[in-house]
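# Tertiary structure, described
Letter by letter, the chains look like this.
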Amino acid sequence: MYAKRFIPKPLMTQQAPESNPVLEVVQVAVQTCYTLLWDLWHTASNRLSVDTGKIYFKGLPFYHKAGMKLADCIKADKITFKVYENLLDSGLYVVTSRKKSFYSLLYNRYYETIELPDVYVRTYTDMSKKQEQEICIKLTGAQVKAISSDDYLTELNQQLSAVDDRLKAQKPYAENGWLVYKLKDDAVNFRINLSDGFSDDLGDYSIYLDHGHTLDLKSSFGGLISGPSGTGKTYLIFGLIYQLMSKRNISLYIGDGKGDQLGTVMNAILPTRKSEVTGEIEQYVYTGINCCNLVHKMYKLMKSRYKYLGVKRSENVRKLAFADFDKFNLKEIVFIIDEQNLVVGALDKKQREQYIKELVALCQGCRACGMLPILSLQHATAELITGSKSDARGTTIKAQLSGFHILMGNPAQILDEDKRAVFGNGADLPETNFKPDEKGVGFFKTDRSPGVEAFRAPYLPVDDSTKLFDLLKEASSVTD
């Protein structure tokens, strides 16, 4: 993209060419028309012959391909404009001489023609697409080196704040000749209030963490939730349960290893009932040592589902060989075991062996038949998952629960060993604007996300037991 770079008037050693009355009249007319028809409606630079209008028309094909709305395009134009000015300030384009022979009648300034790199900005007002926001700059190797310092990133973020103070550029990476700055948007960390007329618009198999982050349950291999006491782990679990119970195509089972608030509340919300199909008593909530009965039940259910799916597929191989579980009118089953370490700690050696054996089998094979396990414990070490240092199956379980890993707490509350246990070695927690005493905040990573991201857990009035009970009861009535 070619543009005029204007020489600051104090640096001009030449005077403007002498004009005659006719040219002066033409100049005034041109400037007036330009101001009224164009310049008045666009942000223009006093250093470059670049404005947001020209940027818009240049980036229109990119905006269309990216699926951006008009408001998104206008914001992207302003950011691109700031990037161009910032690139000038970075020293990539240096004035080597004060003597210039080019003169602009329109701007009454001398200028030099320079070639600006291609810059494309992707922004979205749609919360579900906030993670896709980025700045892409086409630069040569020498130019990349010139702006690769943290100083340039700081300057870029100062320019971004003038457009939207919630945006912050992350450290760039090179991709196919482009320098890409992912944009972190604080708007995505906006907590969802489930108790205030919440409207679920995600469809059958997805739930919210906050406005900008969702979990896809159907394609997930299960999840792991960790966090020390007081960081909001139970707070998060109640938020997930509320949303899960609001889905007509999901059956929910709860195991509370501690037998505390979670088990007490959910026993009242999901009482045992007689199955209309089998006539057997159906239990949805298990507490303490009885959580091993939940895992055993899920294990038997997984095997029966596979048997059923195998029979149905053999009856119509052509249509059903690769069909998903929902094609057979099966609900997805989500089972949550809270305080997993307390469950294994309460079992004797024989019970523990069966429990871990069945849990491993579930984590490895239940996704294909429409079942999803979620384990929760304070410290997500392999030892605490199995209750034994010598049992390597704890690592196997963690590896299989790869759909999402969640660690609750502020950065100041999170120990390095807990971070490694949940996200692995080398994982970095992103910068946040969490308050020091803020509860229900944390970090998560899915099998599809590029790195660890921050979120605020959905809000439910956990301190008001009456209101919490009524809200959960209302949600459970959807699937009755």
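In what follows, the structure referred to is the one given above.
As a starting point, this report considers the structure included with it.

Rules used in this analysis
Residues numbered from 1 in each chain as written. Predicted model: local features only at pLDDT ≥ 70, side-chain atom pairs only at ≥ 80, totals over all residues. Heavy atoms only, no water. Buried < 20%, exposed > 50% of the residue type's maximum accessible area, 1.4 Å probe, protein only. Helix = DSSP H or I, 4+ residues; strand = E, 2+ residues; numbered from the N terminus. Pairing = 2+ DSSP bridges. Axes fitted to C-alpha atoms, helices over the stretch in contact; angles between N-to-C directions. Contact = heavy atoms within 4.5 Å. Patch = residues over 30% accessible without salt bridge, like charges linked within 9 Å, V, L, I, M, F, W, Y side chains within 5 Å. Areas by Shrake-Rupley, 256 points an atom, 1.4 Å probe, with all protein chains shown as cover. Salt bridge = Lys/Arg side-chain N within 4 Å of Asp/Glu carboxyl O. Phe/Tyr/Trp six-rings, centres within 6.5 Å; stacked < 30°, edge-to-face > 60°. Lys NZ or Arg CZ within 6 Å of the ring centre and 35° of its normal. Polar contact = N/O pair within 3.5 Å; in protein donor to acceptor, adjacent residues only side chain to side chain.

Time to look at the pairing of strand β4 (residues 119-122). A two-sided burial pattern is seen for β4, the buried positions comprising Val119 and Val121 on one face and Tyr120 and Arg122 on the other. With four bridges joining them, β4 and strand β5 (residues 134-138) adopt antiparallel strand pairing. Each residue of the ladder has a partner; that of Val121, found in β5, is Ile135.

The strands making up a sheet associate through hydrogen bonds between their backbones, and the pairing can be parallel or antiparallel. Taking strand neighbours across the sheet as the criterion, the eight strands line up as β15-β12-β16-β17-β11-β18-β19-β20 in an open arrangement whose pairing is mixed. Looking at which strands have only one partner, the edges of the open sheet turn out to be β15 (285-287) and β20 (453-456). Averaged over all adjacent pairs, the angle separating strand axes in this sheet is 20 degrees, with direction ignored. Across the sheet, helix α14 (residues 416-423) is in contact with β11 (223-226), β18 (404-408) and β19 (441-446); its angle to β18 comes to roughly 165 degrees.

On the surface, Val22, Val26 and Val30 cluster together into a nonpolar patch covering about 250 Å² of accessible area. Looking at the element boundaries, Val22 is found in helix α1 (residues 21-37). The exposure class assigned to Val22 is exposed, which follows from its relative accessible area of 61%.

This part is about the packing of aromatic side chains. Applying the stated criterion across every chain, the model contains eleven aromatic pairs. Ring centres 6.0 Å apart and planes at 85 degrees place the aromatic pair Tyr205 and Phe325 in the edge-to-face group. Taken as a pair, Tyr205 in the loop between β8 (178-185) and β9 (206-210) and Phe325 in the loop between α9 (317-320) and β16 (332-338) lie far apart in primary sequence, 120 residues in all. Overall, the relative accessible area of 1% leaves Phe325 in the buried class. An aromatic cluster of at least three residues, connected via ring pairs, comprises Tyr56, Phe57, Phe62, Tyr63, Tyr120 and Trp178. Just above the ring of Phe221 sits the side chain of Arg367; from NZ or CZ to the centre is 4.4 Å.

The residue Lys445 is located in strand β19 in this model. Remark: the alpha-carbon pair of Lys445 and Ile406, spanning 39 residues in sequence, is separated by 6.7 Å. Sequence-distant contacts of Lys445, defined by excluding residues within four places in its chain, comprise Gly403, Phe404, His405, Phe423, Gly451 and Val452. At 3.4 Å, the side chain of Lys445 forms a polar contact with the backbone oxygen of Ser449.

Let us now look at the pattern of salt bridges. Taken as a whole and assessed by the stated rule, the structure comprises 19 salt bridges. Among the salt bridges present, the one from Lys168 reaches Glu431, with a minimum N-O distance of 2.5 Å. Here Lys168, found in strand β6 (residues 167-169), pairs with Glu431, found in the loop between α14 and β19; they are 263 residues apart in sequence, far enough to count as distant. When its relative accessible area of 33% is taken as the criterion, Lys168 is described as partly exposed. Linking Lys218 and Asp326 is a salt bridge whose minimum nitrogen-to-oxygen distance equals 2.7 Å. With Lys218 in the loop between β10 (213-216) and β11 and Asp326 in the loop between α9 and β16, this pair connects stretches of sequence that are 108 residues apart. What you see here is one network of salt bridges that share partners, running through Lys233, Lys258, Asp338 and Glu339.

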